[in-house]
Amino acid sequence: MTSAQTTRKKRANGVESRQRILDAAVEIAGERGYDGTSIAAVSAKCGLPASSIYWHFKDKDDLIAAVIERSFEAWLTAVELPGEETGTPLERVTVMAANVAKSLVDAPDFLRLGLMLALERRPTEPRGRTVFLQVRDITHRKIAEVAAVLFPDLDEAAVDTLTTYAIAGADGLFVQREVKGDAVDLVALFELHARVVHDAATRLAQER
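Definitions and limits used
Residues numbered from 1 in each chain as written. Predicted model: local features only at pLDDT ≥ 70, side-chain atom pairs only at ≥ 80, totals over all residues. Heavy atoms only, no water. Helix = DSSP H or I, 4+ residues; strand = E, 2+ residues; numbered from the N terminus. Expected span 1.5 Å × (residues − 1). Buried < 20%, exposed > 50% of the residue type's maximum accessible area, 1.4 Å probe, protein only. Arc of directions from axis to C-beta. Contact = heavy atoms within 4.5 Å. Polar contact = N/O pair within 3.5 Å; in protein donor to acceptor, adjacent residues only side chain to side chain. 1 Å grid on protein atoms, 1.4 Å probe; cavity = no way out; pocket = protein on both sides within 12 Å on 5 of 7 lines; lining within 4 Å. Points joined across faces, edges and corners; volume = space filled by probe spheres on them. Nonpolar A, V, L, I, M, F, W, Y, C, P; charged D, E, K, R; others polar. Phe/Tyr/Trp six-rings, centres within 6.5 Å; stacked < 30°, edge-to-face > 60°. Lys NZ or Arg CZ within 6 Å of the ring centre and 35° of its normal. Salt bridge = Lys/Arg side-chain N within 4 Å of Asp/Glu carboxyl O. Axes fitted to C-alpha atoms, helices over the stretch in contact; angles between N-to-C directions. Parallel < 35°, antiparallel > 145°, perpendicular 65-115°, else oblique. Left-handed = near helix turned anticlockwise from the far one by under 90°.

Is there a simple way to think about helix α9 (residues 186-207) in this case?
Because an α-helix completes one turn every 3.6 residues, residues spaced three or four positions apart along the sequence face the same direction. In this model α9 runs 31 Å from its N-terminal to its C-terminal C-alpha over 22 residues, within 8% of the 32 Å that 1.5 Å per residue would give. For α9, the full list of buried residues reads Leu-186, Phe-190, His-193, Ala-194, Val-197, His-198, Ala-200, Ala-201 and Leu-204. Here the buried residues of α9 occupy an arc of 165° about the axis, which is enough to place them on one side. Buried residues belonging to α9 abut α5 (89-106) and α8 (156-180). Taking the backbone nitrogen of Val-187 as reference, a side-chain oxygen 3.3 Å away marks Asp-185 as the first, capping residue of α9.

Shown next as structure tokens:
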């Protein structure tokens, strides 16, 4: 095996190990929360020694932050407004909402863990909470851009209000599914939420 092949193999093994660690951390954190998650528990779950985990991540907080970032990146690809060929603004935002809901079903970790951390107050803020608040800002900007495109008659303040309302409503629906499980059809509820947000935007535009 050449030196280049050896390097590629090590890199591939490193990527695989990192994903195994993140997958294990997701399971542990989902079961036990932030405080119940430990490097030892993640090590036992993924079958890799603690030294391997520390090679990839500085500490537990760094690991949880990486889980949030990975899940957010997967979810963010769904936050894209379909083109005008999809139909009316209502039809476009409804399709987008359905895609966002599906992505949350498939990659819920950033929102699940992030909300846990966001609702807690600690003397020293965990990096995971900081990362979550940062990705929330990205989400807000992304949704605001969509609102500005769909509802050009709204001014900046109205777009911000609409965006805040849309995200808050989505949070509530996600929490309801976390509580009730698969009995909650998240996609259908997000489609309903999209229609409500569209109606709110229409009323805001008429008031101006």
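What am I meant to see in empty space enclosed by the protein here?
One simple way to see leftover space: roll a probe sized like a water molecule over the atoms. Applying the stated rule across the entire model yields one cavity of 30 Å³ or more. In this model, the largest cavity occupies a volume close to 430 Å³. Lining the largest cavity we find 25 residues, and of these Met-96, Ile-143, Ala-166, Ile-167 and Ala-170 sit closest to its centre. When contributions to the lining of the largest cavity are tallied by element, the ones reaching two or more residues are α5, α6 (109-118), α7 (127-150), α8 and α9. Partitioning the lining of the largest cavity into residue classes produces 20 nonpolar, three polar and two charged.

Explain the environment of Ala-148 here, please?
Looking at the secondary structure, you find Ala-148 in helix α7. Taking relative accessible area as the criterion, Ala-148 reaches 40% and is therefore assigned partly exposed. Sequence separation between Ala-148 and Ala-158 is ten residues, and the spatial gap between their C-alpha atoms is 9.5 Å.

How do you make sense of the packing of aromatic side chains when you look at a structure like this?
Aromatic ring pairs: the centre-centre distance and the angle between the two ring planes describe each pair. Applying the stated rule across the entire model yields one aromatic pair. Cation over ring: Lys-60 sits above Tyr-34, and NZ or CZ is 4.2 Å from the ring centre.

Teacher, can you tell me more about the pattern of salt bridges here?
Where charged atoms from two side chains of opposite charge come close, those side chains can pair. Using the criterion set out here, one finds nine salt bridges in the structure. Here Lys-45 and Glu-27 are joined by a salt bridge, their closest N and O atoms 3.4 Å apart. Placement of Lys-45 in helix α2 (residues 39-46) and of Glu-27 in helix α1 (residues 3-36) is noted, with a sequence separation of 18 residues between them. With relative accessibility at 38%, the residue Lys-45 sits in the partly exposed group. Owing to a relative accessible area of 42%, Glu-27 belongs among the partly exposed residues under this scheme. The shortest N-O distance in the salt bridge between Glu-125 and Arg-129 comes to 2.6 Å.

Help me out: how do you make sense of the packing of α8 against α9 in this one?
Packed helix pairs are characterised by how far apart their axes lie and by the angle those axes make with each other. With their axes 10 Å apart at the nearest point, α8 and α9 run at an angle of 160° to one another. Comparing the axis directions of α8 and α9 gives the class roughly antiparallel. The crossing of α8 and α9 is right-handed. Judged by residue contacts, Ala-158, Leu-162, Tyr-165, Ala-166, Gly-169, Ala-170, Leu-173, Phe-174 and Arg-177 of α8 engage Leu-186, Leu-189, Phe-190, His-193, Val-196, Val-197, Ala-200, Ala-201 and Leu-204 from α9. In the contact of α8 with α9, the residues fall into 15 nonpolar, two polar and one charged.

Would you mind showing me how to read the environment of Met-116 here?
Along the polypeptide, Met-116 turns up in helix α6. Assessed through its relative accessible area of 31%, Met-116 is described here as partly exposed. Taking the C-alpha atoms as reference, Met-116 lies 20 Å from Leu-76; in sequence the two are 40 residues apart.

Which parts of the structure should I look at to understand the packing of α5 against α9?
Remark: α5 packs on α9, axes separated minimally by 8 Å, with the N-to-C direction vectors making an angle of 145°. The two elements α5 and α9 meet at a crossing, and its hand is right-handed. Residues Pro-89, Leu-90, Val-93, Thr-94, Ala-97, Ala-98, Val-100, Ala-101, Lys-102, Leu-104 and Val-105 of α5 lie in contact with α9, whose contacting residues are Leu-186, Val-187, Phe-190, Glu-191, Ala-194, Arg-195 and His-198. Grouping the constituent residues of the contact of α5 with α9 by class yields 13 nonpolar, two polar and three charged.

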